[in-house]
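Working through the structure, step by step
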Amino acid sequence: MLSTFYVEGQGQTKRITGTVTDNNGTALAGISVTVKGAPGGTTTDNKGNYSIDVASAEAVLVFSGVGFSTIEETLSGRESVSVTLTGQASDLEEVVVIGYGTAQKKDVTGAVSRANLKAFKESPNTNILQSLQGSVAGLNVGAVNRAGATPSISIRGRVSLSGTSAPLIVLDGIIYRGNLSDINPADIATVDILKDASAAAIYGSQASNGVLLLTTKTGTAGKRPTVSLNTSLTFQKIGNDDMLPLDAEGYLRLRADRFLTQSRTGDDLLSPNPSWDVLKVVPAEVATGIQNGTNTNWWDLLTNQTPMIQNYDVGVSGRTEQSSYYFSLGYTDQENVVINDTYKRYSMRLNLESKITDWLKMGIQSSYSINDYSGVSPNLANIFTLAPQMAYKDSAGELIRLPNRAALNPLLEVTQDNFDKRNNLFGLVYADLNIPFVKGLNYRVNFGNNYIQERAYNFNPFGQNFTGTASKSNSSRYNQTLDNILNYKRSFGDHDINATFVYGYEINKFDSTGASAAGFDNPALGYNGLEFGSAVLQKVGSAAWKETSLYQMYRLIYGFKDRYVFTGTLRNDGFSGFAPDNKIASFPSAAFAWNIRKESFMDDHLTALDELRLRLSYGANGNRTVGRYQTLSTLTTSFNNGYLYGDGGLAQQGQNITQLSNKSLRWETTRTFNVGVDFAFLKHRISGELNLYSANTSDLLYTVNIPSVNGLTTIPMNIGKLSNKGIELALNADPVQGENFNWSTSVNFSLNRNKVVSILGIDANGDGKEDDLIASKIFMNEPFGVVYDYNIIGMWQVADYRANIIPAGFTYGTYKVEDMNGDNAFTAGADRKILGYTDPSYRISWLNTVRYKNFELKAFINSIQGGKKYYYGQPAATVPNPDNMQTNNFFDFDYWTPENPNARYRQLGFYTTSIGQEFSPYIQRNFIRLQDLTMSYDLPQTIAKKAGMKRARLFLNGKNLFTLTDWDGWDPETGTGLATGAYPLMKSYSVGLSFDF
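- In the nomenclature of an unreviewed UniProt entry, the protein chain corresponds to SusC/RagA family TonB-linked outer membrane protein from the organism Niabella ginsengisoli.
- For the record of the protein chain, the UniProt heading Subcellular location (unreviewed entry) holds the text "Cell outer membrane".
- As its UniProt record puts it under Sequence similarities (unreviewed entry), the protein chain is described as follows: "Belongs to the TonB-dependent receptor family."

Describing the overall build of the protein chain
- Each helix and strand counted, the protein chain has eleven helices and 48 strands in total.
- Radius of gyration (C-alpha) of the protein chain: 33 Å, near the 30 Å computed for a compact globule of 997 residues.
- Along the first, second and third principal axes, the C-alpha atoms of the protein chain reach 95 × 75 × 65 Å.
- Per-residue burial over the protein chain gives 49% buried out of 997 residues.
- Here the analysis covers contacts within the protein chain between residues at least 6 apart in sequence; of these, 68% occur between residues at least 24 apart.
- Approximately 44,600 Å² of the protein chain is accessible, and the part contributed by carbon and sulfur atoms is 54%.
- Mean positive and mean negative side-chain charge positions of the protein chain (88 and 93 charges, respectively) differ by 5 Å.

Observations concerning the nonpolar core
- Judged by nonpolar contacts, the single largest core of 57 residues is most densely connected at Val817, Phe893 and Leu978.
- Broken down by secondary-structure element, the contributors of at least two residues to this core are helix 2 (248-258), helix 4 (284-292), helix 5 (298-301), helix 6 (380-385) and strand 40 (815-817).
- Counting residues per element, this core draws most heavily on helix 6, at three residues.
- Apart from the residues within four sequence positions on either side, Val817 is in contact with Tyr790, Asn791, Ile792, Ile793, Phe810, Phe826, Ile915 and Phe919.
- In this structure, Leu117, Ile169, Tyr176 and Leu212 belong to the second largest nonpolar core, which totals 24 residues.

Describing the pattern of salt bridges
- Summed over the entire model, instances satisfying the criterion amount to 37 salt bridges.
- Two residues, Arg615 and Asp678, come together in a salt bridge whose shortest N-O distance is 3.1 Å. Placement of Arg615 in strand 31 (residues 609-623) and of Asp678 in strand 34 (residues 668-681) is noted, with a sequence separation of 63 residues between them.
- Judged by relative accessible area, Arg615 falls into the buried class, the value being 2%.
- The class of Asp678 is buried, set by a relative accessible area of 4%.
- Overlapping salt bridges, with partners in common, bring together Glu122, Arg851, Glu856, Lys858, Asp938 and Arg953 in one network.

Observations regarding the sheet that holds strand 6 (residues 68-74)
- Ordered in space as 3-2-5-6, the four strands form an open sheet in which the pairing is antiparallel. Across the chains shown, the open sheet's two edge strands, defined by having one partner strand only, are strand 3 (42-43) and strand 6.
- Note: strand 2 (residues 32-35) against strand 5 (residues 60-65), four bridges, orientation antiparallel. Bridged to Val33 within strand 5 is Phe63.

Some remarks on the packing of aromatic side chains
- As enumerated under the stated definition, the model contains 36 aromatic pairs in all.
- For the ring pair Trp299 and Phe384, a centre distance of 5.7 Å and an interplane angle of 55 degrees mean the geometry is tilted. With a gap of 85 residues between them, Trp299 in helix 5 and Phe384 in helix 6 connect regions that are remote in the sequence. Each member of the pair Trp299 and Phe384 is classed as buried.
- Where Phe749 meets Tyr842, the ring centres are 5.7 Å apart and the plane angle is 35 degrees; that geometry is what we call tilted. Pair noted here: Phe749 is in strand 37 (residues 741-758) and Tyr842 is in strand 42 (residues 842-852), with a separation of 93 residues, a long-range link.
- Given a relative accessible area of 27%, Tyr842 falls into the partly exposed group.
- By way of ring pairs, the aromatic residues Trp299, Phe384, Phe890, Phe891, Phe893, Tyr895, Tyr905 and Trp970 are connected into one cluster.

Notes on the side chain of Ser845
- Among the secondary structure elements, Ser845 is positioned in strand 42.
- Only 2.5 Å separates the side chain of Ser845 from the backbone oxygen of Gly134, close enough to count as a polar contact.
- Sequence-distant contacts of Ser845, that is, excluding residues within four places in its chain, are made with Gly134, Ser746, Val747, Asn748, Phe860, Ile861 and Asn862.

Quick look at unusual backbone geometry
- One non-glycine residue, Arg156, adopts positive backbone phi at about 60 degrees.
- Turning to its location among the elements, Arg156 is positioned in the loop between strand 12 (153-155) and strand 13 (168-171).
- Non-glycine residue His684 carries a positive phi angle of around 65 degrees.
- On the secondary structure map, His684 appears in the loop between strand 34 and strand 35 (686-705).

What about helix 2?
- When you tally the buried positions in helix 2, you get eight out of eleven residues, the bulk of the element.
- The secondary structure elements touched by the buried residues of helix 2 are helix 3 (260-263), strand 18 (264-265), helix 4 and helix 10 (882-885).
- For helix 2, the N-terminal capping position is held by Asp247, with its side-chain oxygen 3.3 Å away from the main-chain nitrogen of Glu249.

Some points on the pairing of strand 31
- As defined by bridge partners, strand 30 (residues 584-595) adjoins strand 31 across seven bridges and the pair is classed as antiparallel. Each bridged residue has a counterpart across the sheet, and for Ala593 the counterpart in strand 31 is Arg615.
- As defined by bridge partners, strand 31 adjoins strand 34 across 14 bridges and the pair is classed as antiparallel. Within strand 34, the residue paired with Gly622 across the bridge is Thr669.

Description of a nonpolar patch on the surface
- Nonpolar side chains collect at one region of the surface, where Leu229, Val314, Phe327, Leu329, Met348, Leu350, Leu352, Tyr368, Leu425 and Tyr451 lie side by side and expose about 760 Å² of accessible area between them.
- Of all the secondary-structure elements, those providing two or more residues to the nonpolar patch are strand 21 (323-335) and strand 22 (342-357).
- Among the elements that take part in the nonpolar patch, strand 22 stands out by supplying three residues, more than any other.
- Mapping Leu425 onto the fold places it in strand 24 (residues 417-434).
- Residue classification places Leu425 among the partly exposed positions, given a relative accessible area of 43%.

Brief notes about the pairing of strand 29 (residues 564-575)
- For strand 29, a buried count of nine out of twelve residues is recorded, marking the element as mostly surrounded by other parts of the structure.
- Alignment of strand 28 (residues 539-560) against strand 29, held across twelve bridges, turns out to be antiparallel. Bridging from a neighbouring strand, Met553 pairs with Arg571 of strand 29.
- If you look at the hairpin formed by strand 28 and strand 29, you'll find three residues sitting between the two strands, and Lys561 has a positive phi there, around 55 degrees.
- Here eleven bridges tie strand 29 to strand 30, and the two strands are oriented antiparallel to one another. Of the residues in strand 30, the one forming a bridge with Val565 is Ala593.

Quick look at the layout of surface pockets
- Taken as a whole, the second largest pocket holds about 1,000 Å³ of empty space.
- As for the second largest pocket, its lining consists of 37 residues, and the residues nearest its centre are Tyr100, Gly101, Thr102, Asp432 and Arg444.
- Of all the secondary structure elements, the ones that give two or more residues to the lining of the second largest pocket are strand 16 (211-216), strand 21, strand 22, strand 23 (360-372), strand 24, strand 25 (441-460), strand 26 (469-492) and strand 27 (495-518).
- In terms of residue count, the dominant contributor to the lining of the second largest pocket is strand 16 (four residues).

Focus: the environment of Asn292
- Of note, Asn292 is situated in helix 4.
- A residue is classified by how much of its surface remains accessible, and Asn292, at 58% relative accessible area, is exposed.
- Here the alpha-carbon distance between Asn292 and Gly178, two residues 114 residues apart in the chain, equals 54 Å.

Points about the side chain of Glu728
- Note on placement: Glu728 falls in strand 36 (residues 714-737).
- Here the side chain of Glu728 touches Lys195 through a polar contact of 3.1 Å, side chain to side chain.
- With sequence-adjacent residues up to four places away left out, Glu728 is seen in contact with Ala137, Gly138, Arg156, Lys195, Glu689, Leu690, Asn691, Tyr693, Phe749 and Ser750.

Criteria and cut-off values
Residues numbered from 1 in each chain as written. Predicted model: local features only at pLDDT ≥ 70, side-chain atom pairs only at ≥ 80, totals over all residues. Heavy atoms only, no water. UniProt positions renumbered as here; feature names shortened; annotations may be inferred. Helix = DSSP H or I, 4+ residues; strand = E, 2+ residues; numbered from the N terminus. Rg over C-alpha atoms; globule rule 2.2 N^0.38 Å. Buried < 20%, exposed > 50% of the residue type's maximum accessible area, 1.4 Å probe, protein only. Contact = heavy atoms within 4.5 Å. Areas by Shrake-Rupley, 256 points an atom, 1.4 Å probe, with all protein chains shown as cover. Lys, Arg positive; Asp, Glu negative; His and termini not counted. Charge placed at Lys NZ, Arg CZ, Asp CG, Glu CD. Core = buried A, V, L, I, M, F, W, Y, C linked by side-chain atoms within 4.5 Å. Salt bridge = Lys/Arg side-chain N within 4 Å of Asp/Glu carboxyl O. Pairing = 2+ DSSP bridges. Phe/Tyr/Trp six-rings, centres within 6.5 Å; stacked < 30°, edge-to-face > 60°. Polar contact = N/O pair within 3.5 Å; in protein donor to acceptor, adjacent residues only side chain to side chain. Patch = residues over 30% accessible without salt bridge, like charges linked within 9 Å, V, L, I, M, F, W, Y side chains within 5 Å. 1 Å grid on protein atoms, 1.4 Å probe; cavity = no way out; pocket = protein on both sides within 12 Å on 5 of 7 lines; lining within 4 Å. Points joined across faces, edges and corners; volume = space filled by probe spheres on them.

As structure tokens, then:
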């Protein structure tokens with residue numbers, strides 16, 4: 001048989017024929033038939049017949065058509081191949097993780113989304129959250145600018161003022177308290193997001209911020225194990241080249257602009273002063289450098305010229321009838337632009353499952369990672385502010401300790417002996433039992449353990465006036481979880497029942513020990529010889545805590561005729577951190593879904609509509625804002641509060657109360673109503689979902705001022721209320737589906753608004769409205785995050801100064817602010833107003849995937865916008881005051897000079913004391929960013945098989961390639977403006993290979 005096929009080097013082919021039908025045996029016309037990895041192809045005729053030429057006895061035929069699932073058939077020497085295509089699975093048939101189980105999306109009544117991880121598989125993301133940035137409506141993931149950092153994350157905006165906005169993380173069914181950077185993104189199979197109260201209610205007291213469910217990979221089916229190898233090399237550079245420090249010429253220009261009255265002359269200050277001598281206004285070491293022509297590039301000395309990210313992952317997976325396994329090793333080495341801003345991760349994962357009997361399965365899901373952050377980065381503020389005229393080494397070639405007589409030479413700073421590692425061991429052991437003789441009844445026990453060890457050691461030979469400082473800190477955290485899960489799932493005619501009961505506990509422990517010393521006579525051992533430090537400068541400290549949780553969860557999902565689904569959930573939570581009367585809380589929810597498309601009255605209408613489903617949900621979730629010991633009175637002991645009994649006596653430590661007891665503290669509770677619609681039409685060429693929600697949080701934890709006669713001046717109380725509303729829209733479309741060319745696109749949009757309803761409930765002025773907390777910039781019935789300040793209406797000019805119309809305290813080149821009450825005096829109480837808000841107005845992203853034969857191009861654009869009055873920041877709030885600007889270097893920005901009268905920011909040499917040195921314009925952080933661009937090529941299947949591979953892919957990737965924004969500073973998304981101490985956001989260019997054997 002094989003002799004009739006292609007013979008190596010002879011170019012012979014063989015014609016394959018066959019028929020394509022559907023599940024009912026009906027012939028399918030227009031079905032695409034191609035040879036995987038080869039150009040060209042054919043389509044079936046009106047009788048479903050096709051014929052195609054192939055070049056290998058082991059060629060793979062691909063059958064695809066609109067509305068049908070694509071299938072692949074290996075010839076294995078056959079000359080005739082007939083196949084049956086099944087209707088394409090709808091979005092509602094997708095299986096998602098819902099917490100303590102899975103369900104088809106058609107049976108999910110809450111707001112649950114699954115992230116498209118495949119779209120960002122080739123991106124150089126060291127943290128799985130980076131692959132979620134902008135990709136899911138309602139999921140807000142921030143950008144990172146440090147190596148190995150974890151992005152900020154929130155779901156559906158703010159529901160608390162004092163507590164965290166981060167969602168609960170669940171890894172393989174176990175609540176995960178570690179750092180997500182410890183998990184290799186290559187090991188993650190799916191990420192599901194529970195957004196509304198009904199979906200998240202199963203986690204009760206910790207779910208008001210939503211839940212992220214991460215599921216790791218398991219064994220894949222096949223005749224033999226699959227070995228996967230993925231490697232990439234990434235080259236990085238800073239995303240904003242305009243933010244580099246000025247050179248020697250720029251530094252001299254900065255001095256002249258700082259001392260305008262000395263460097264300029266004439267009524268308009270536009271003429272250079274011939275007697276201006278910069279040497280009179282700079283320190284002696286700078287003056288010497290000017291005379292010697294010194295031009296030190298501090299940035300180049302303390303940054304990596306070609307920072308890189310290296311990533312290597314290898315995985316082995318397989319599945320048989322009795323067992324499955326997945327084993328992986330990973331190595332990531334990230335080097336950012338600033339010296340010693342580095343991160344290395346060594347990771348290993350082993351997931352095993354074995355079928356012991358027909359009714360019992362047992363397994364383990366485990367991982368171990370070593371995360372290395374060792375190394376001290378230089379103080380970036382020094383890199384930017386040290387004058388380029390300052391020498392970094394002396395005539396003998398030795399590094400100068402204090403180039404400006406104050407700050408340590410950054411080149412010495414980075415030589416400190418630093419050790420900073422975190423080890424993370426995670427293990428989940430489970431048993432899954434299908435109860436014999438009771439059909440549909442299943443019991444599963446999960447026993448999860450997570451041990452995290454952190455070690456931070458440092459020796460600084462230049463500390464304590466160059467006598468050396470050292471410290472050593474060891475800490476560990478242990479989390480244990482035990483879940484007993486009983487599930488009953490049966491269908492009785494038109495009735496479907498899925499009932500779940502969970503009983504479990506969680507224990508979290510932490511302990512740490514630290515020691516430090518200074519003034520070393522013998523620094524040879526560094527941090528390993530703390531005893532060699534001065535006896536009076538040796539310190540030791542330790543800490544430990546423990547908290548426990550106990551919980552029960554009841555959930556019933558009832559479906560009728562595959563059209564109506566009801567979900568009811570009740571979660572009871574107990575937490576050791578609360579006082580006895582408030583330890584237990586209950587969080588109920590209810591939800592309903594109606595598959596309208598399956599109603600008989602829809603059959604004769606809107607035939608192009610494939611799916612239409614309405615969802616309604618309402619429920620309560622909690623936020624465990626209160627700390628583990630916050631309901632108790634606490635004491636502290638220190639020598640600072642002690643007493644020295646006479647000359648020569650020993651110092652005795654004293655104790656004082658640091659926190660008052662408040663046994664009435666309880667959970668913040670968020671009640672959410674959600675309306676959702678899932679839809680698809682044109683044979684699923686267009687699909688999506690729309691969600692509208694309203695959340696109201698009560699019992700907000702807020703720190704209240706109390707009379708000092710109590711010994712303290714504040715105490716936390718549950719007294720506030722906050723509302724939160726929003727819209728989410730996700731659209732997916734396949735505009736072009738062809739034989740060799742395909743184009744798919746998706747858009748995500750979300751809008752969120754919050755409002756402070758009440759805090760203290762005090763109406764001191766008797767106007768019938770609760771008083772605003774102006775000092776905290778909290779206003780009733782306004783969003784939290786108000787920009788409340790003076791309103792800039794222009795800039796005072798030299799002509800105004802000559803005309804003597806500038807108010808006292810101002811001068812030319814300073815901000816002209818609105819006089820709200822017309823008294824020609826500018827005071828915080830009378831002349832400030834609400835200018836806008838800090839939260840975004842809306843977020844929108846657009847992903848396009850274009851495939852042509854073996855080539856694929858993916859482009860992802862992400863944007864956050866402020867509309868008319870949202871998403872404000874203050875980029876110049878960190879610009880140095882005139883005193884610091886006398887000698888410091890900076891970077892170029894749009895500041896006022898007589899030659900630049902329409903500048904955005906004030907002059908360098910003066911600010912209005914009454915309104916503060918940090919006062920400056922508020923600028924919207926709006927941006928549009930090409931966040932991800934990937935071009936990939938899949939090796940033709942015939943060539944890959946010759947090389948012994950199942951699949952091979954080469955890819956090129958660009959990340960953060962360009963950003964459109966009006967923001968001044970490093971980056972609008974990170975919110976870093978004209979700040980000398982901020983780290984830059986990186987753009988990157990990657991090349992990579994991916995193989996399956």
